[in-house]
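Below are the chains, spelled out letter by letter.
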Amino acid sequence: MDTPVLRAQILEDFSLRRGEASLTGGRSRKLFLLLAFLICERARPVP
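Residues numbered from 1 in each chain as written. Predicted model: local features only at pLDDT ≥ 70, side-chain atom pairs only at ≥ 80, totals over all residues. Heavy atoms only, no water.

Draft legend 1. Structural detail: the pairing of strand β2 (residues 15–18). The pairing of strand β1 (residues 6–9) with β2 spans four bridges and is classified as antiparallel. In the sheet register, Gln-9 faces β2, and the bridge partner there is Ser-15. With antiparallel pairing between neighbouring strands as the criterion, β1 and β2 make up a hairpin whose turn holds five residues, including Glu-12 at a positive phi of roughly 60°. Note that β2 and strand β3 (residues 21–23) share three bridges and pair antiparallel. Paired with Arg-18 across the strands is Ala-21, a residue of β3. (Pairing = 2+ DSSP bridges. Helix = DSSP H or I, 4+ residues; strand = E, 2+ residues; numbered from the N terminus.)

Draft legend 2. Up close: the pattern of salt bridges. Tallied over the entire structure, the rule returns one salt bridge. Glu-41 is the partner of Arg-44 in a salt bridge, and the nearest nitrogen-oxygen pair spans 2.6 Å. (Salt bridge = Lys/Arg side-chain N within 4 Å of Asp/Glu carboxyl O.)

Draft legend 3. Main features of the environment of Pro-4. When you line up the elements, Pro-4 lands in the segment before β1. Taking the relative accessible area as the measure of exposure, Pro-4 reaches 41% and is therefore partly exposed. Each C-alpha atom of the pair Pro-4 and Gly-19 lies 5.1 Å from the other, and the pair is 15 residues apart in sequence. Setting aside residues up to four positions removed in sequence, Pro-4 forms contacts with Arg-18 and Gly-19. (Buried < 20%, exposed > 50% of the residue type's maximum accessible area, 1.4 Å probe, protein only. Contact = heavy atoms within 4.5 Å.)

Draft legend 4. Fine view of the sheet that holds β1. Strand order across the open sheet formed by three strands is β1-β2-β3, with antiparallel pairing between neighbours. The outermost strands of the open sheet, each flanked by one partner alone, are β1 and β3. In this sheet, adjacent strand axes meet at a mean angle of 15° when their direction is disregarded. (Axes fitted to C-alpha atoms, helices over the stretch in contact; angles between N-to-C directions.)

Written out as structure tokens, the structure is:
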């Protein structure tokens, strides 16, 4: 069985998709900015 891929769109409107499930706008902008930062910096430890 294949594990669904987590897809992040960080340009324009932020959204996360995993398979059929999605997390899109309407939530805290700060939360989405934090998630976008962590995704962009995933190759290094973030304190």
